[in-house]
Every structure is written in C-alpha cells, then in structure tokens.
Amino acid sequence: RSALFFSYLALGWLQVQEKRFTQATQSIQQAVAINDRSTEANCLLGGLLALQNQPDQAIATYRKLLIEPNEEVVRSDFCTTLGVALLRPDQFPAK
C-alpha cells in the first residue's frame, strides 16, 4: 500500500474526529480509489455514507466487502456485522 493511500486514510480519520464528515468521506473515497480492497478504508467509508443518510451507497460499499471478502475482512467482526445489518437478503447472489 502506498504512502498516498495512508495519507488519505489518516486525513479521513482526522476529519472524522473533527466531525467533518463530508470532507472525511471525500478523503476516504480517495484512499479507496488507491486501494479498493482495504477493509479499514471501506468500512470507514460505509459508516460515513450511512451516517450521512446515503444507505444505498453504504450498502454497496459493504456488499463489495462481504461478497468478495479478503482475509482482512474475515477477521473484521465489526465491519462484517455492520455490513450484514445493512444488507437485505435479496442483495446476496443466488447460490
């Protein structure tokens, strides 16, 4: 992962702490654009989108992680639980 990714991620967390959620969302979206498989960035992005009353975008973010999980996602109980809580059963692919 690149230094630019970590810079956007750190900036996003700082903006969250300052309750600047719109700016935090933009920073985290930049981080995700660099590394779209980052569990931390995607979980934070999903939470920010849900917080800003953008449930469809939040669901799409969590859905991507849950449908195509990597090892980091599997170890992230919080992200998995939150994502599953937002998803509806019809959003999972048929088995």
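Residues numbered from 1 in each chain as written. Predicted model: local features only at pLDDT ≥ 70, side-chain atom pairs only at ≥ 80, totals over all residues. Heavy atoms only, no water.

## With respect to the pattern of salt bridges
Working step 1: All told, the structure shown has one salt bridge when counted by the stated rule.
Working step 2: The closest approach of N and O atoms between R20 and E18, which form a salt bridge, is 3.2 Å.
Working step 3: You can call R20 partly exposed: its relative accessible area is 35%.
Working step 4: Note on E18: relative accessible area 42%, which makes it partly exposed. (Salt bridge = Lys/Arg side-chain N within 4 Å of Asp/Glu carboxyl O. Buried < 20%, exposed > 50% of the residue type's maximum accessible area, 1.4 Å probe, protein only.)

## What about the packing of aromatic side chains?
Working step 1: For the structure on display, the rule yields one aromatic pair.
Working step 2: Pairing F5 with F6 gives two aromatic rings, centres 5.2 Å apart and planes at 75 degrees, and the pair type is edge-to-face.
Working step 3: Looking at F6, the relative accessible area reads 40%, which means it is partly exposed. (Phe/Tyr/Trp six-rings, centres within 6.5 Å; stacked < 30°, edge-to-face > 60°.)

## Quick look at the nonpolar core
Generally speaking, a soluble globular protein has its nonpolar side chains buried in company with each other.
Working step 1: Counting residues in each nonpolar core, the largest one holds 13 residues, and the members touching the most others are I28, A41 and L48.
Working step 2: Those elements that place two or more of their residues in this core are α1 (3–17), α2 (21–34) and α3 (39–51).
Working step 3: For this core, the element with the highest residue contribution is α3, accounting for five residues.
Working step 4: Residues in contact with A41, not counting those within four places in the same chain, are F5, L9, I28, A31 and V32. (Core = buried A, V, L, I, M, F, W, Y, C linked by side-chain atoms within 4.5 Å. Helix = DSSP H or I, 4+ residues; strand = E, 2+ residues; numbered from the N terminus. Contact = heavy atoms within 4.5 Å.)

## Topic: the environment of Q52
Working step 1: Of note, Q52 is situated in the loop between α3 and α4 (55–67).
Working step 2: Spatially, the C-alpha atoms of Q52 and T22 are 8.1 Å apart, while their sequence positions differ by 30 residues.
Working step 3: Once you skip the residues sitting within four places of it in the chain, Q52 turns out to touch F21, T22 and T25.
Working step 4: Looking at Q52, its side chain comes within polar contact range of the side chain of T22, at 3.5 Å. (Polar contact = N/O pair within 3.5 Å; in protein donor to acceptor, adjacent residues only side chain to side chain.)

## Considering α1
Working step 1: Given a rise of 1.5 Å per residue, 15 residues ought to cover 21 Å, and the 21 Å separating the end C-alpha atoms of α1 matches this to within 8%.
Working step 2: Where α1 is concerned, the buried positions are F5, L9, G12, Q15 and V16. Projection of α1 onto a plane perpendicular to its axis shows the buried side chains occupying an angular sector of 125 degrees, all on one side. The exposed residues of α1 that point more than 90 degrees off its buried face are A3 and Q17.
Working step 3: Tucked inside the fold, the buried residues of α1 contact α2 and α3.
Working step 4: K19, located one to two residues past α1, shows a positive phi value of around 60 degrees. (Expected span 1.5 Å × (residues − 1). Arc of directions from axis to C-beta.)

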